[in-house]
Amino acid sequence: MFGQRQGIIVYLHSLKHIKSMRRFGNIHYVSKRLKYMVIYNDMDNVESLIGKIKSLPYVKQVEPSYKPYLKLEYENSNPDKAKEYDYKIGL
């Protein structure tokens with residue numbers, strides 16, 4: 001259904017322009033208090049899309065999400081024996 005997707009964080013001056021931002025991608029989250037939104041789109045289109053969004057007059061700042069580039073598998077996933085004993089006791 002979806003290919004590789006990446007989030008774009010868009011900081012706005014006013015929230016009344018949120019409906020017009022639908023054309024740039026899937027709106028995932030909108031913060032009314034901090035006036036930002038998270039839009040998801042294909043990774044291939046992110047750079048050109050950021051340029052288009054930055055040129056809009058009601059946009060303060062645009063940042064790409066770095067989550068696709070982070071390593072989410074950890075090397076030492078085995079729990080420590082001492083901590084495991086404490087969890088069994090209920091400390």
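Figured I'd write up the structure that's included with this text. (Residues numbered from 1 in each chain as written. Predicted model: local features only at pLDDT ≥ 70, side-chain atom pairs only at ≥ 80, totals over all residues. Heavy atoms only, no water.)

### Quick notes on the overall build of the chain
Summing up its helical and strand segments, the chain has 2 helices and 4 strands in all. Listing the helices and strands of the chain from first to last along the sequence gives β-β-β-α-β-α. Looking at the chain residue by residue over its 91 residues, the buried ones come to 25%. Within the chain, contacts between residues at least 6 apart in sequence are counted, and of these 65% link residues at least 24 apart. Carbon and sulfur atoms form 50% of the exposed surface of the chain, whose accessible area is close to 7400 Å². (Helix = DSSP H or I, 4+ residues; strand = E, 2+ residues; numbered from the N terminus. Buried < 20%, exposed > 50% of the residue type's maximum accessible area, 1.4 Å probe, protein only. Contact = heavy atoms within 4.5 Å. Areas by Shrake-Rupley, 256 points an atom, 1.4 Å probe, with all protein chains shown as cover.)

### So, the packing of aromatic side chains
Enumeration according to the criterion identifies 2 aromatic pairs in this entry. Both rings, one in Tyr29 and one in Tyr36, keep their centres 6.0 Å apart while their planes meet at 55 degrees; by these two values the pair is tilted. (Phe/Tyr/Trp six-rings, centres within 6.5 Å; stacked < 30°, edge-to-face > 60°.)

### Concerning the environment of Ser65
Among the secondary structure elements, Ser65 is positioned in the loop between strand S4 (59-64) and helix H2 (81-89). Its relative accessible area of 17% is what places Ser65 among the buried residues. Each C-alpha atom, one on Ser65 and one on Gly7, is 5.0 Å from the other, the two residues being 58 residues apart in sequence. Leaving out residues up to four positions away in the same chain, Ser65 has contacts with Gln6, Gly7 and Ile9.

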